[in-house]
Amino acid sequence: MNNQPATRDTAKAVARFDITQRLVAKLHNEEAVIGGIGHTNFDLWAAGRRPQNFYMLGSMGLAIPIALGVAIAQPQRKVIALEGDGSLLMMLGCLATVGARQPKNLIMVIMDNGAYEITGGQTTASAQGTDLAAVARATGIASAHWAADEAHFETLIDEALATPGPHLIAARLTSAKPAGQTERDPAQIRDRFMRGLGTKK
Amino acid sequence: MTETTWHGIIHATLKAHDVKLVTYVPDNVLRPLIERIHADDFFTAFTCTREEEAVGIVSGAWMGGMRGVVLMQTSGFATLPNVLASLPVPFQIPVLLIVSERGTLGEFNIGQAMVARTMRPVLDSIAMEHHTLSRLDEVEFITDRSIRQAVATQQPACLILSPLLTGGKVFK
Ligand SMILES: Cc1ncc(C[n+]2csc(CCOP(=O)(O)OP(=O)(O)O)c2C)c(N)n1
């Protein structure tokens, strides 16, 4: 890696399941993780069940808003949103809200495969010029970076977990099938998540 | 209760039930309620870019242990069926919605009037509890009971503020 910050063009394409596993392996403080619709939450599920994981089953685009809500309710806990590029493009305004509120405990990880992969791989605008980390910076999220490769992704996650946010980490992905498929039982997902957060006994 | 305005009563009732988070896309009729809420440190209140986002935030906050409400006008509600039917309803999250009703009783914008007609059919089709507040003497009872029921049954609820209560918005 040279000294220039990575851009979407220079970032190495990494595998979603691999970086999801790397992320989950770093979570030692019951951090909450919200998996967005698409393959993002499938790979979160496949990376191992944690009581602090929440898997969306619809509500496209709401991984960051849901994570922001958890972050507001539990300011001592780090909260991580995993969101696909197609999903974030649907709800770009949520970055403006994060930029305005500056939640210190919120980390956003953007899984940018340049496609709506789960619906057949149709091209997204991020494959055609929209730089989602730059969009985040333009809303006032100063810590918004592209991961240059797997090792750099890990470094960015370490920094995000150790310092006040909001942080946004964008990863350019290879196109790859997810390693599993989330069990679609919403009431159970919510119940486990609340117990994982200590809000239900 | 010593409050004598609809917004005063709703403000006090939200507080009595520890509903602390208020996310909204503004509406002129809601202005006195929004202003009261912002003036009270008890609440965390802010605008969102879309009503869907506002519902997502309140859903997350509920799971994190904080109660919330989303404020919007009728046209904002009309953007929500997908999110309501895929997040608070199936996941059993008691998001409270307060909708200022446009589109009826003196509406001057045909677009608002058409959009408003979609609201109750949508609420009914997803079996979401909803009540229309049209009388000042019923505001406290309906608001109080709706919050209690939403929390106890883990289901979202919607309160519609009729122009009969608020005066609505009229063409001048
Ligand atoms: C409001 C709405 N529009 C469209 C869809 C269909 N849909 C489900 S997932 C998805 C693509 C998500 O793309 P992305 O977030 O990039 O994730 P990926 O599939 O690439 O993992 C689409 C279009 C939907 N569920 N909801």
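Quantities reported herein were computed from a predicted structural model and do not represent experimental measurements.

**Q** A description of the nonpolar core should follow, citing residues and the corresponding values.
**A** Here is a general trend for soluble globular proteins: nonpolar side chains tend to be buried in one another's company. One finds A:F54, A:I64, A:I80, A:F153, A:L168, B:F77 and B:L97 to be the most contacted residues of the largest nonpolar core, which totals 94 residues. No other element matches the nine residues that helix α3 (residues 63-73) of chain A contributes to this core. Apart from the residues within four sequence positions on either side, A:I80 is in contact with A:L23, A:L27, A:E31, A:A32, A:V33, A:I34, A:I107, A:V109 and A:L161. Core analysis: the next-biggest nonpolar cluster, separate from the first, contains 26 residues, B:I9, B:V22, B:V69 and B:I142 among them.

**Q** I'd like a rundown of the interface of chain A and chain B, residues and numbers included.
**A** Each side of the interface is counted separately: chain A has 31 residues, and chain B has 28 residues. In total, about 2100 Å² of surface goes out of reach between chain A and chain B, with carbon and sulfur atoms giving 71% of it. At the junction of chain A and chain B, the tally comes to zero salt bridges. Across the contact surface, chain A and chain B share seven residue pairs in polar contact (both at pLDDT 80 or more). The biggest single contributor to the side of chain A that touches chain B is α3(A), with seven residues. Of the residues that constitute the side of chain A that touches chain B, the class distribution is 21 nonpolar, seven polar and three charged.

**Q** I'd like a rundown of unusual backbone geometry, residues and numbers included.
**A** Note that the residue after A:G165, namely A:P166, is joined by a cis bond; omega there is 5 degrees. Looking at where A:P166 falls in the secondary structure, it is placed in the loop between α7 (150-162) and β8 (167-172). Phi is positive for A:S59, which is not a glycine, with a value near 45 degrees. Relative to the assigned elements, A:S59 resides in the loop between β2 (53-55) and α3. The exposure class of A:S59 is buried, given its relative accessible area of 1%. With phi around 60 degrees, B:Q92 is a residue other than glycine that occupies positive phi space. Tracing the chain through its elements places B:Q92 in the loop between α6 (88-91) and β4 (96-100).

**Q** Break down the packing of aromatic side chains for me, with residues and values.
**A** Scanning the entire structure with this criterion turns up five aromatic pairs over all chains. Where B:F108 meets B:F171, the ring centres are 5.6 Å apart and the plane angle is 40 degrees; that geometry is what we call tilted. With B:F108 in the loop between β4 and α7 (110-116) and B:F171 in the segment after α10 (163-166), this residue pair connects regions lying 63 residues apart in the sequence. Overall, B:F108 belongs to the partly exposed group, its relative accessible area being 37%. Residue class for B:F171 comes out exposed when judged on its relative accessible area of 67%. An aromatic cluster is built from A:F54, A:F193 and B:F91, whose rings are joined through pairwise contacts.

**Q** How would you explain the environment of A:T10 if you had to name every residue and give the values?
**A** Residues and elements named next belong to chain A. On the secondary structure map, T10 appears in the segment before α1 (16-25). Classification of T10 as exposed rests on a relative accessible area of 56%. Counting along the chain gives 162 residues from T10 to R172, while the straight-line C-alpha distance between them is 9.4 Å. A polar side-chain atom of T10 sits 2.8 Å from the main-chain amide nitrogen of T7.

**Q** Break down the site of the ligand for me, with residues and values.
**A** Contacts to the ligand come from 16 residues, most closely from A:G86, A:S87, A:N113, A:A115 and A:I118. What surrounds the ligand is not a single chain but chains A and B. Note that an oxygen atom of the ligand is positioned 2.9 Å from one of the side-chain N or O atoms of A:N113. A distance of 2.9 Å separates an oxygen atom of the ligand from a polar backbone atom of A:E117. For the ligand, whose unbound accessible area comes to 580 Å², protein coverage reaches 76%. For the shell around the ligand, the elements supplying multiple residues, two or more each, are α4 (85-90) and β5 (115-116) of chain A. For the shell around the ligand, the element with the most residues is α4(A), which contributes four residues. In terms of residue class, the shell around the ligand is made up of six nonpolar, eight polar and two charged.

**Q** Before we move on, can you summarise the sheet that holds strand β5 (residues 129-133) of chain B with the specific residues and values?
**A** Residue and element names in this part refer to chain B. Strand order in the open sheet formed by six strands is β2-β1-β3-β4-β6-β5, and the pairing between neighbours is parallel. Looking along the sheet, the strands with just one partner apiece sit at the ends: β2 (44-47) and β5. For this sheet, the mean angle separating the axes of adjacent strands, direction not counted, is 20 degrees. Examined bridge by bridge, β4 and strand β6 (residues 157-161) share five bridges and lie parallel to one another. Bridge pairing in β6 places L96 opposite A157.

**Q** Which residues make up the side chain of A:T97, and what values do they have?
**A** With respect to the helices and strands, A:T97 occurs in helix α5 (residues 93-101). For A:T97, a relative accessible area of 4% corresponds to the buried category. Look past the residues within four positions of A:T97 in its chain and what remains in contact with it is A:L68, B:F46, B:T47, B:C48, B:T49, B:E53 and B:I57.

Cut-offs applied
- Residues numbered from 1 in each chain as written.
- Chains lettered and ligands numbered in written order.
- Predicted model: local features only at pLDDT ≥ 70, side-chain atom pairs only at ≥ 80, totals over all residues.
- Heavy atoms only, no water.
- Core = buried A, V, L, I, M, F, W, Y, C linked by side-chain atoms within 4.5 Å.
- Buried < 20%, exposed > 50% of the residue type's maximum accessible area, 1.4 Å probe, protein only.
- Helix = DSSP H or I, 4+ residues; strand = E, 2+ residues; numbered from the N terminus.
- Contact = heavy atoms within 4.5 Å.
- Buried area = accessible area lost by both parts, 1.4 Å probe.
- Salt bridge = Lys/Arg side-chain N within 4 Å of Asp/Glu carboxyl O.
- Polar contact = N/O pair within 3.5 Å; in protein donor to acceptor, adjacent residues only side chain to side chain.
- Nonpolar A, V, L, I, M, F, W, Y, C, P; charged D, E, K, R; others polar.
- Phe/Tyr/Trp six-rings, centres within 6.5 Å; stacked < 30°, edge-to-face > 60°.
- Near = heavy atom within 4 Å.
- Areas by Shrake-Rupley, 256 points an atom, 1.4 Å probe, with all protein chains shown as cover.
- Pairing = 2+ DSSP bridges.
- Axes fitted to C-alpha atoms, helices over the stretch in contact; angles between N-to-C directions.

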